[in-house]
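Read off the chains here:
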Amino acid sequence: MVNFLGKGILKGMVVTFTNLIRPSPTTQYPEQRLTVSRRIRGTELVWSKTKCTGCATCARTCPQGVIHVVTHKGENNNYAVDTFEVDSGYCIHCGLCVEACPYNALFMGYTFERSKYRRNSLVMSKDDMAIEHQPASGYFHPEIAQTLPEQELLVYRGKKK
Amino acid sequence: MTLRTEPFVLNMGPVHPSTHGVFRMRVTLDGEVVVNLEPVFGYLHRGIEKLAEERTYTGIVPLTDRLDYVASMTNNLAYCLAVEKLAGIKVPERAEYLRVIMSELQRIAAHLISIGSFFNDCGAYFTPFLYMFRERERIVDLLEMVSGQRLLYNYMRPGGVSQDIPEEFLPALKEALNQMPKYIDEYERLLKDNEILYARARGVGILPKEMAISIGASGPVLRGCGVKWDIRKVDPYSIYDRFEFDIPTGTQGDCYDRYRVRVEEMKQSLRIIEQAIKQIPAGSIRSDVPQLIRPPVGEAYAHLEAPTGELGFYLVSDGSIAPYRCHIRAPSLMNLTALRDMIVGWKVQDLILIFGSFAITMGEVDR
Amino acid sequence: MFAGLNNNPVSFPQAMPPDWPGNAWWHWVIFTVIILVFFLGSVIMFIYMERRVLAKMQARIGPNRVGPFGLLQAIADAVKVLMKEMVTPANADKIVYWLAPAITFAPVVMVLAVVPFADGALLADLNIGILYVLAISSLSSIGVFMAGWSSNNKYSLIGAMRMVAAVVSYEMPIVLALASVVLIAGSMSLNDIVIAQQSYPMLLMQPLAFLLMFIAGCAEINRSPFDLMEADSEIVAGFHTEYTGMKFALFYLAEYGEAVVMSSVIATVFLGGWQGPFLWPWLWFILKTFFVFFLMIWTRTTLPRVRIDQLMSLAWKFLFPLALINLIFTGIEVLTYPDGIPWYFIFANIAIGAILVLLWSRLYKVGGGRIAVG
Amino acid sequence: MTTSLKAPEVVKQIQTRFPGAVTEVTDTALVVDSKSLVDVMSFLKDTAGLDFNYMTTVTAIDYFQYFEVVYNLVSMEHNHSLTVKTRVYGRDNPKLPSVVSLWRSADHQEREIYDLMGITFEGHPNMKRIVLWPEFRGHPQRKDYLK
């Protein structure tokens, strides 16, 4: 092959032209949504009232120190949880609390859209985090992961799996 | 008649389209030619080394994500290696393989960003950048499947990895491995032989071999100068001694060589992953490590080959649950030592290009 | 009304018919309106097309929210930009700063006065049309330089300096490339040049001149890979870093207006302008203009930016000698066949072009370029 | 595999040239008197068989009584490494000689130590704060900062 000035340029232009014809991998977000990972560490924590014993292991593990647990002595000589608050404005979604929870009472959230107008409304109370209201993700909870839909992957885009 | 001219000072950054974050260069220009340059760091200094002294050993892992935020997996791994060395923790076989797979995937993803933004600094109006982000997306998808997040994975733990891979991971990874060479080929055709890239990057920003060693450069910057120095080969951590791969090197240490080294490294990473998939055993993924690790009094330095270079963690323990001192050897910071020597004499446009060819991340430089 | 619209076969070259209404007052009014509509309409369409095609080539989708297929995106942007606050830097040279956008914008529209939309359908059939195009189109660089200087911003100044250097250098290959076309057509009037391309477009007869004109044209109007004056990754936004609102919109308009003008001139001179079968002449003209612009988008997507000294050396060491040699060959051909060059010279000219490009590829060195600093 | 040299063997070599320079030896590290630091370092760099041409890390640790500055040296030729430490006493204005003349990789790291730990390196060409702004008071990496 002869070498001439502009050969590499022409090769590159062929590549861009093939991309002009090829379908784009973009997703139009608010209308089209991809299924996220089963283990997504979503917006904030999900908390199960029945399972939580108030041991505050999560609060000790949290590297940011945003979990605030207050308990008192309950009837059956156990802890009754008064407050379970997470300042999700400071939460970095590392998931260490979920990993540390010995009673499987904490879950990461499955959704990923959340915004607030006021900063103090970012502090999540017990009711905001209750598992009855919030979908939980399968992070460190394989039993939940099985029930969630499979993640949509770009590698399988345009292909029959 | 001679024209009286005078140099002028231009502050490039901290908010500038191609300073890769918040970096400032105080440039003295004579027309278009750079006659002096002073780098100014610190706009992204978060004091991670100090913060680490107040966190538990496991709690530091999310902090290390935020060092080189385009290569979180390798940061996690470097830190975990240091803790394991310090506390004498054994890692199960399967976890080692998972670590290798993840960090090589991460290396490809990080190199894709480096090359893409390098081309962007050349002025190739976002095209290579977006192509490479498309392929990075495939990898990030996989890492999301494993770790649950797309940028700050927080996946490795001292003593293994946090969770086992889901069953649909390996087929998807194989599919991605099938597709990757085709796309790497596409980038090669897009710009490898481009005459304008030759003109811009060949012979530009040459870093001499001796200077590269003296400034402690590492990673593609060092290998671009022709030094065959890769921590994975010279000091195999984890299980890198079980894999076959080559160390690509450049010849003269210019911007083009650094770009070539990165592309070739991506191909080698694919080779490593292919071998790792074949060999991966079943078994546990995390050795029995207590929640709060209390390593014995002592110190440990562990390093690995991060996408930017040799990332090292120097940990000093006083026997408590938090490290007494945690020093991070940031490859980007070292690589920037010779910035002035390399840039002076080139034009403003070359400044951007040479700086882009280092592929630094400010999160790592300032820490 | 327009004698030429029937697309009659005309002898070569031919002056305007005697009943051409070029002197009537309503002719000026109508064509001023047509040019403005064409200009604004194609600028909007160019912006839309650039964004969409660029996006598709970059594996994206591009604007698709405003209006059907995002067609109204450019208009939405214009409305937004007009409502912006106008900021004048404190240390700016106020008068020059305010004048610069207008001075950049006005010459761009003026060029279209001599571009024919159909046979005889042009504002002023100047017999020095090409000269007029060259003279007027480089005027806008004065406005750019005023903007760069008066903004009192170092990025702006660098950008403006680069612009002036580029425009001065790239005038030369453009003039020489167009001169060889003028030799063949035997006239400087753009309408006559189009008529001269009745049997085959000038692209075939002058392939090398087309290549040189395209490259130099891209540099002249500062499109990638020669967009040094507003190199977004280096000098932020170049000369219009400090401009906002309406004034910025004028610069933006002028930038795309220059693209419209350059595309339409190239389409007229090399691709046969309004000539073409089946469709209306004006539609052919517009289609060809968009095709040339598509080529510009394509190069913009693919190529990295050149450096300023490489920009200069490309003009003086590559384009200029080739254009000169091409002009000499064309001159010999025209002298040998004064009644029109036979069609088989197409192959000869393509061969000459290929050989010259190959030859110069050997001589032209790329890379390096460090300047020793004392 | 990068072998970490046995410090006692290296010390023997150093002792013959600079008696009394090494104050303390452990298995992997040796502690050098700060006065003869540059001499020992240039010895380590230039001696055949040692050839420590690549310095990976310089860092400082605050032990309240003294600051320990740790140098991690690697030889690319022989693929071995060594940790050299030195101690500097006093908290008001601790001073150490700089090793930038030997390895330029110390440039930014020594500036960082000066910035965060407050150890001045004499002979450094550009001893300024690196990550904090010039007007900043105090050295935040010290253990008694904010106490």
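One can find the structure itself at the top, above this paragraph.
These numbers were taken from a predicted model, which means no experiment stands behind them.

Parameters at a glance
- Residues numbered from 1 in each chain as written.
- Chains lettered and ligands numbered in written order.
- Predicted model: local features only at pLDDT ≥ 70, side-chain atom pairs only at ≥ 80, totals over all residues.
- Heavy atoms only, no water.
- Contact = heavy atoms within 4.5 Å.
- Helix = DSSP H or I, 4+ residues; strand = E, 2+ residues; numbered from the N terminus.
- Buried < 20%, exposed > 50% of the residue type's maximum accessible area, 1.4 Å probe, protein only.
- Pairing = 2+ DSSP bridges.
- Axes fitted to C-alpha atoms, helices over the stretch in contact; angles between N-to-C directions.
- Buried area = accessible area lost by both parts, 1.4 Å probe.
- Salt bridge = Lys/Arg side-chain N within 4 Å of Asp/Glu carboxyl O.
- Polar contact = N/O pair within 3.5 Å; in protein donor to acceptor, adjacent residues only side chain to side chain.
- Nonpolar A, V, L, I, M, F, W, Y, C, P; charged D, E, K, R; others polar.
- Parallel < 35°, antiparallel > 145°, perpendicular 65-115°, else oblique.
- Left-handed = near helix turned anticlockwise from the far one by under 90°.

Concerning the arrangement of the chains
Okay, step 1: Out of four pairs of chains that touch, the pair holding the most contacts is chains B and C.
Okay, step 2: For chain A and chain D, which are not in contact, the least C-alpha distance works out to 19 Å.
Okay, step 3: One finds no contact linking chain C with chain D; the least C-alpha distance across the pair is 20 Å.

Re unusual backbone geometry
Residue and element names in this part refer to chain A.
Okay, step 1: With phi around 65°, Phe140 is a residue other than glycine that occupies positive phi space.
Okay, step 2: Positionally, Phe140 belongs in the loop between helix H4 (126-129) and helix H5 (142-147).
Okay, step 3: We classify Phe140 as partly exposed; its relative accessible area is 22%.

As for the sheet that holds strand E7 (residues 309-317) of chain B
All names here are of chain B.
Okay, step 1: Ordered in space as E6-E7-E8, the three strands form an open sheet in which the pairing is antiparallel. Lying at the two open borders of the sheet, with one neighbouring strand each, are strand E6 (298-306) and strand E8 (325-329). In this sheet, adjacent strand axes meet at a mean angle of 10° when their direction is disregarded.
Okay, step 2: In this fold helix H3 (residues 72-87) packs onto E6 and E7, with an angle of close to 150° to the strand it touches most, E6.

Let's talk about the interface of chain C and chain B
Okay, step 1: The interface of chain C with chain B comprises 33 residues on the first partner and 44 residues on the second.
Okay, step 2: Taking both partners together, chain C and chain B bury about 3,300 Å²; carbon and sulfur atoms supply 60% of that area.
Okay, step 3: When the buried surface of chain C facing chain B is broken down by residue, C:Glu234, C:Pro304 and C:Arg307 rank first, second and third, together holding 17% of it.
Okay, step 4: Between C:Asp309 and B:Lys347 there is a salt bridge whose closest N-O contact spans 3.7 Å.
Okay, step 5: Seen at the junction of chain C and chain B, the total is 12 residue pairs in polar contact (both at pLDDT 80 or more).
Okay, step 6: Elements represented by at least two residues in the side of chain C that touches chain B include exactly helix H1 (25-57), helix H6 (154-185), helix H11 (281-302) and helix H12 (308-336) of chain C.
Okay, step 7: Tallied by class, the residues present in the side of chain C that touches chain B amount to 15 nonpolar, eight polar and 10 charged.

Some words on the interface of chain A and chain C
In many reports, interface size means the accessible area that the parts give up when they come together.
Okay, step 1: On the chain C side, the residues contacting the 18 residues of chain A number 20 residues.
Okay, step 2: Taking both sides of the interface into account, the surface hidden between chain A and chain C amounts to around 1,600 Å²; carbon and sulfur atoms contribute 67%.
Okay, step 3: Along the contact surface separating chain A from chain C lie one salt bridge.
Okay, step 4: The closest approach of N and O atoms between A:Glu31 and C:Arg65, which form a salt bridge, is 3.2 Å.
Okay, step 5: Between chain A and chain C we count seven residue pairs in polar contact (both at pLDDT 80 or more) in total.

Notes on the packing of helix H3 (residues 94-111) of chain C against helix H10 (residues 245-270) of chain C
Residues and elements named next belong to chain C.
Okay, step 1: As a packed pair, H3 and H10 sit with axes 9 Å apart at the nearest point and diverge in direction by 20°. Put simply, H3 runs roughly parallel to H10. The interaxial crossing formed by H3 with H10 has left-handed handedness. For the pair H3 and H10, the contacting residues are Tyr97, Trp98, Ala100, Pro101, Ala102, Thr104, Phe105, Val108 and Val111 in the first and Lys247, Leu250, Phe251, Leu253, Ala254, Gly257, Glu258, Val261 and Val265 in the second.

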